[in-house]
Amino acid sequence: MPSTPRRLSMEVEANARHRLGMPATTFLRDYWQKRPLLIRRAFPGFEAPLTPEDLAGLACEETALARLIRHDAQRDAWSVRNGPFREDEFPGLPRQDWTLLVQDVDKWDGDVAALLSHFDFLPRWRIDDVMVSFAAPGGSVGAHVDQYDVFLLQGLGRRRWQIDARPTPDTRFRDDVELKLLRHFHPSHDWVLEPGDMLYLPPGVPHHGVALDACLTFSVGMRAPARSELLLDFAEFLAEAMPESERYADPDLIPARGDGEIDAAALQRVARALAPFVAPDAATLRRSFGRFITCYRSAGEVAAPPRVPGAAQVEARLAAGAQLRRHPFARFAWARAGKAAELFVDGELHACSAAAARTLCSSDGIGAAQWSALDPTGRALAHQLFRLGRLILASPRRRARA
């Protein structure tokens, strides 16, 4: 007799052992990319690592990605402005119905970046950024759909979240606003989140958040390139290495009938010409994707420092307690290549050992002990990345606040 499928709850309580309310393996098996989950007290006693004033100040920076969204509830009209903003603009905003969003806040603020250590059960290259939003009471960005996984951590105040978790929700967009807002929204679940509560949403789930008080929300979003983006980048990667002399060829041609037919033989030749795109070898696929994913949606450029200490000076600084850490804007990932590894940093490939790649990608930084454990090639690579500005010397990282 077939077993009855388990009914999975959409709301759980976190505990001291499991921030997700369950082991990470269970979450990945039952919820990741499958169904939403509200986790009550995922971060008990949570204190937001930055203030609304901090966020407003960041939104005034020239290179920050910031948006101000306002909603006229009476006319159901929406307006969007992109930053940077002037500091004197914020005091003049109304008391309600607006939201300030700033992306990549983890690249600017070390305490916000430290939150990512709690998501180490996911591949680090999969995590994109921490977007932070401040909303006045009634503030919202409207009912919408994201095409990537997101964890919505409530940091300050209360926010009401409604979601449509039905199998085939209506995802048609309105055509009267510049935001991609849903034309119709029919919530199946309705919750109020307080500081420390966290809502996980897989791709494609319609949702709508409205601030009940002045509130801060921390959104941990995933990198999820469209298939079209992967295909275009992969084609460019292969095309870069192809000489101009490699072209469509038909040495086996037979006389044509003069009627313009593209016959089966011609299509077979095209298929052979496209074979590297259709069935790439493992090394090509690895190098193409490693290059792509460490460049995808880059937050900013990384410049080499004007003066770089030598390897001996770096080692002395590490012995004194400093750490080599990844530059906030630099993206690292690695893959095994036989018994060795290939490290990808901002689209550049570096050969090294798997142990060195793992150390260089560590979110905890490289201290004296980790430096000593690196093989000579790994230390040389670490210093090269330091010279390029991809690694920086800094004080030991503070642990994320729970």
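Look above for the structure.
Residues numbered from 1 in each chain as written. Predicted model: local features only at pLDDT ≥ 70, side-chain atom pairs only at ≥ 80, totals over all residues. Heavy atoms only, no water.

## A word on the overall build of the chain
Here comes step 1: When helices and strands are counted, the chain shows 11 helices and 17 strands.
Here comes step 2: With respect to the three principal axes, the spread of C-alpha positions in the chain is 75 × 70 × 60 Å.
Here comes step 3: In the chain, which comprises 402 residues, the share counted as buried stands at 44%.
Here comes step 4: Summarising the internal contacts of the chain: among those between residues at least 6 apart in sequence, 79% fall at separations of at least 24.
Here comes step 5: Each charge class in the chain can be summarised by its mean position, and for the 51 positive and 51 negative side chains these summaries are 6 Å apart. (Helix = DSSP H or I, 4+ residues; strand = E, 2+ residues; numbered from the N terminus. Buried < 20%, exposed > 50% of the residue type's maximum accessible area, 1.4 Å probe, protein only. Contact = heavy atoms within 4.5 Å. Lys, Arg positive; Asp, Glu negative; His and termini not counted. Charge placed at Lys NZ, Arg CZ, Asp CG, Glu CD.)

## Focus on the packing of helix H4 (residues 227–240) against helix H7 (residues 282–293)
Here comes step 1: One way to put it is that H4 packs onto H7 with a least axis distance of 10 Å and a crossing angle of 115°. Taken as a pair, H4 and H7 cross one another with a handedness that is right-handed. Only Thr-284, Arg-287, Ser-288, Phe-289, Arg-291 and Phe-292 of H7 make contact with H4, whose side of the interface consists of Glu-229, Leu-230, Asp-233, Phe-234, Phe-237, Leu-238 and Glu-240.
Here comes step 2: When the residues that make up the contact of H4 with H7 are grouped by side-chain class, the tally is six nonpolar, two polar and five charged. (Axes fitted to C-alpha atoms, helices over the stretch in contact; angles between N-to-C directions. Left-handed = near helix turned anticlockwise from the far one by under 90°. Nonpolar A, V, L, I, M, F, W, Y, C, P; charged D, E, K, R; others polar.)

## What about the sheet that holds strand E9 (residues 189–193)?
Here comes step 1: Read from one edge to the other, the open sheet built from three strands follows the order E9-E8-E11, with strand pairing classed as antiparallel. Edge positions in the sheet fall to E9 and strand E11 (207–211), since each has one partner strand and no second. Taking each pair of neighbouring strands and ignoring which way they run, the sheet shows an average axis angle of 20°. (Pairing = 2+ DSSP bridges.)

## Side note on the side chain of His-350
Here comes step 1: Here His-350 lies in strand E16 (residues 348–352).
Here comes step 2: Here His-350 is in contact with Ala-341, Glu-342, Leu-343, Val-345, Leu-381, Gln-384 and Leu-385, once residues within four sequence places are set aside.

## Quick notes on the packing of aromatic side chains
For any pair of aromatic rings, geometry is given as the distance between the ring centres together with the angle between the planes.
Here comes step 1: Considering all chains together, one arrives at 18 aromatic pairs under this definition.
Here comes step 2: Ring geometry for Phe-85 and Phe-90: centres 6.0 Å apart, planes at 70°, overall edge-to-face.
Here comes step 3: A relative accessible area of 15% means that Phe-90 is categorised as buried.
Here comes step 4: An aromatic cluster is built from Phe-27, Tyr-31, Trp-32, Phe-119, Phe-121, Phe-151 and Tyr-200, whose rings are joined through pairwise contacts.
Here comes step 5: Sitting over the face of the ring of Phe-43, Arg-19 holds its NZ or CZ atom 4.2 Å from the ring centroid. (Phe/Tyr/Trp six-rings, centres within 6.5 Å; stacked < 30°, edge-to-face > 60°. Lys NZ or Arg CZ within 6 Å of the ring centre and 35° of its normal.)

## Thoughts on the pattern of salt bridges
Here comes step 1: One pass over the full model with this rule turns up 31 salt bridges.
Here comes step 2: Among the ionic pairs, Asp-213 bridges to Arg-158, the shortest N-O distance being 2.8 Å. Remark: Arg-158 occurs in the loop between strand E7 (150–156) and strand E8 (159–163) and Asp-213 occurs in the loop between E11 and strand E12 (215–222); sequence separation between them is 55 residues.
Here comes step 3: A relative accessible area of 26% places Asp-213 in the partly exposed class. (Salt bridge = Lys/Arg side-chain N within 4 Å of Asp/Glu carboxyl O.)

## A closer look at the nonpolar core
Here comes step 1: If you look at the biggest cluster of nonpolar residues, it comprises 45 residues, and the most contacted ones within it are Phe-27, Leu-55, Leu-100, Phe-151, Met-198 and Phe-218.
Here comes step 2: Looking at this core, the elements that each hand over two or more residues are strand E2 (37–40), helix H2 (52–59), strand E3 (66–72), strand E5 (98–102), strand E6 (127–135), E7, strand E10 (198–201) and E12.
Here comes step 3: With residues near it in sequence (within four places) discarded, Phe-27 still touches Leu-20, Met-22, Trp-32, Leu-37, Phe-121, Phe-151 and Tyr-200.
Here comes step 4: Ala-341, Cys-352, Ala-356 and Leu-393 belong to the second largest nonpolar core, which has 26 residues in total. (Core = buried A, V, L, I, M, F, W, Y, C linked by side-chain atoms within 4.5 Å.)

## A few points about the layout of surface pockets
Here comes step 1: Here the largest pocket is characterised by a volume of approximately 1,000 Å³.
Here comes step 2: What lines the largest pocket is a set of 39 residues, among which Arg-67, His-144, Val-145, Asp-146 and Tyr-148 lie closest to the centre.
Here comes step 3: Among the secondary structure elements, those contributing two or more residues to the lining of the largest pocket are E3, E5, E6, E7, E8, E11 and E12.
Here comes step 4: Per-element tally for the lining of the largest pocket: the top contributor is E12, with five residues.
Here comes step 5: Class assignment for the residues of the lining of the largest pocket results in 18 nonpolar, 12 polar and nine charged. (1 Å grid on protein atoms, 1.4 Å probe; cavity = no way out; pocket = protein on both sides within 12 Å on 5 of 7 lines; lining within 4 Å. Points joined across faces, edges and corners; volume = space filled by probe spheres on them.)

## Points about H2
Here comes step 1: When H2 is considered as a whole, its buried residues turn out to be Leu-55, Ala-56, Leu-58 and Ala-59. Projected onto a plane normal to the axis of H2, the buried residues spread over an arc of 160° and lie on a single side. (Arc of directions from axis to C-beta.)

## A closer look at empty space enclosed by the protein
Here comes step 1: The final tally for this structure, using the stated rule, is one cavity of 30 Å³ or more.
Here comes step 2: Its boundaries defined by the atoms lining it, the largest cavity holds a volume of some 50 Å³.
Here comes step 3: Contributing to the lining of the largest cavity are 10 residues, with Leu-324, Arg-325, Arg-326, Ser-362 and Gly-365 lying nearest its centre.
Here comes step 4: If one sorts the elements of the lining of the largest cavity by residue count, strand E13 (residues 323–326) sits on top with three residues.

## Brief notes about the pairing of E10
Here comes step 1: Where burial is concerned, the two faces of E10 agree: the one with Met-198 and Tyr-200 and the one with Leu-199 and Leu-201 are both buried.
Here comes step 2: Both E2 and E10 contribute to a ladder of three bridges, which runs antiparallel. Its bridge partner lying in E10, Ile-39 is registered against Met-198.
Here comes step 3: The pairing of E7 with E10 spans four bridges and is classified as antiparallel. Directly across from Leu-152, in E10, lies its bridge partner Leu-199.

All quantities given are derived from atomic positions and should not be read as evidence of function.
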